[in-house]
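A look at the structure
Each chain is listed here by its residues.
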Amino acid sequence: MTISPLVAGILTAAAILIVDLIRPGKTAVAVGVALIGLAITAVLTIAVGAGTTPSMAFDGAYKVDALTTFLDVLFIAIIAMSIVFGPDYLVPRGLPVAEFAAILVFAMTGAMLISASADLLLLFLGLELMVLPGYMLAGFHKTDSFSTEGAIKYFLLGSFSSAIFLFGLSFVWGLSGSTRIDVIAAELGKVVAGAAPLSPGLAMGLAFLTTGVAFKIAAVPFHYWTPDAYQGSPTPITGYLSVGPKVGAFALILRLFVEALGPLADWWMPVMIVLATLTMTLGNLVALTQDNVKRMLAYSSIAHTGYMLVGLAAWAGDPQDRSDGISALLFYGVAYAFMNLGAFAVIAALQKRRGVTSSLGTFAGLGRREPMLGVLMTLFLLSLTGIPPTAGFFAKTEVILAAVEAGGPLTILAVITVLNAAVAAFYYLRVIVYMFMRDSTSDAPALRHGALLWGGLTAASALTILLGLFPTGLLDAAGAAANAIVPRIGS
């Protein structure tokens, strides 16, 4: 029963492939099987996570607690929305929807394995199962040279970062004598208490782990793969890559840095502060110079990584109430997922016609040419900016408040976050100006979009608004997920 959600996810991916063999090229059938399988997986996830105590499997290496349930439901929602957004873009280009859906679901099972990992080996396996499908998806449009180029860069740099990350894990394992996360935390607690020697190897292991993780979340200066991989990928896949692997990597951070390396928080907190500052600042400044909206959102995605790192740094710097930083990070992850997927879905809708680029000129006059898409894009951009009462406003508010409450250098980080949010408003609002205050450069008639796309956009926009108007429920769930791991670390 404990591993039933993971098994259901694997069976869903297999079912998509089998159905596609029996009924090849039937997009509606493949998408229907995928969504039904994901719905079953979600029900099992909630049922398994309903208990008050964590559920264990594989001799304790696999653990389902409130954090696992929270993250798994988010992963399922991201994959379901990505699958819904895909066909409207992929079918006109002759790209296989069933393979797209199956690869996404396989990636989801890797992310689910990360969230349930209580062992370093399982954590690494989950990471690779999540990122390897991402390399395939980046090069999904095989006849597009930009897609191939982005995929190669993503694959090569991702392979190096995985090797560096694994090297760091080996240091931690060698110095602690175990791959179990709870045992590692206990051993490192002895180091902090002075009962065990402080090894230079431990500092080296932390450096390797931080480098490997920083690449996975596209933190500066390990972000170089992001713009090319995002711009070259088919747009629905870019939407997934901007949120799915990022949320999965932050799940890894919570299990590794918070749960296992939590006793060493004073060591890695300054590094996270520097990473957060560089990441949000560089991401926003470079996004200001972009005339391609897809590339602009790629750099914007880097900046949002910095905002999420503020929550992690706030956890490390606040010994009085460490759950606030983690709950803020989790809330931000949910809000960012839906508003960013929605923004990329609008870009994909505009690119349904072959040859249409994602330059700013494409958005000129969109408010008059396709008013509904213009309104929805405005909503998503305002939420990404952090304008109330959208989900993005409360997401930014939570991470900033967590940093302010932590005090010390994190107060300065909170100020930097506010300034960066103000800078970001310029390039987000510039797109809105083009949509409603510039004349269209094309005389082509408005396109007809499928019911799946409209359904996905409706869900994304509704969640963006509802999480802004009624954030309490999600904040409570995020707080419960944070408390699932924080009490075991202590202060």
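In what follows, the structure referred to is the one given above.
Let me sum up the structure you'll find in this document. None of the values given here were measured: they were computed from a predicted structure.

Topic: unusual backbone geometry
- Along the chain, Val220 connects to Pro221 via a cis peptide bond; the corresponding omega equals 10 degrees.
- With respect to the element layout, Pro221 can be found in the loop between helix H9 (200-216) and helix H10 (225-232).
- The residue after Pro388, namely Pro389, is reached through a cis peptide bond having omega 5 degrees.
- Of note, Pro389 is situated in the loop between helix H16 (371-385) and helix H17 (391-406).
- In this model, Asp59 sits at a positive phi of 60 degrees, which is unusual for a non-glycine residue.
- When you line up the elements, Asp59 lands in the loop between strand S1 (55-57) and strand S2 (62-64).
- If you check the backbone angles, Ala218 has positive phi at about 60 degrees while not being a glycine.
- In this fold, Ala218 is placed in the loop between H9 and H10.

Concerning helix H2 (residues 27-48)
- The end-to-end C-alpha distance of H2, which contains 22 residues, comes to 32 Å, matching closely the 32 Å that a straight helix rising 1.5 Å per residue would cover.
- Residues of H2 that are buried make contact with helix H1 (4-22), S2, helix H3 (66-85), helix H4 (87-90), helix H5 (97-115) and helix H19 (451-469).

Looking at the pattern of salt bridges
- One pass over the full model with this rule turns up eleven salt bridges.
- Here Arg180 and Asp119 are joined by a salt bridge, their closest N and O atoms 3.0 Å apart. One end of the pair, Arg180, is in the loop between helix H7 (145-176) and helix H8 (181-193); the other, Asp119, is in the loop between H5 and helix H6 (120-138), with 61 residues separating them in the sequence.
- When its relative accessible area of 23% is taken as the criterion, Arg180 is described as partly exposed.
- The class for Asp119 is buried, based on a relative accessible area of 8%.
- For Asp228, the salt bridge goes to Arg295, with nearest N and O atoms at 3.5 Å. In this pair, Asp228 is assigned in helix H10 and Arg295 in helix H13 (residues 293-317), connecting sequence segments 67 residues apart.
- One continuous salt-bridge network, built from bridges that share partners, spans Lys63, Asp65, Arg255 and Glu259.

About the criteria used
Residues numbered from 1 in each chain as written. Predicted model: local features only at pLDDT ≥ 70, side-chain atom pairs only at ≥ 80, totals over all residues. Heavy atoms only, no water. Helix = DSSP H or I, 4+ residues; strand = E, 2+ residues; numbered from the N terminus. Expected span 1.5 Å × (residues − 1). Contact = heavy atoms within 4.5 Å. Salt bridge = Lys/Arg side-chain N within 4 Å of Asp/Glu carboxyl O. Buried < 20%, exposed > 50% of the residue type's maximum accessible area, 1.4 Å probe, protein only.

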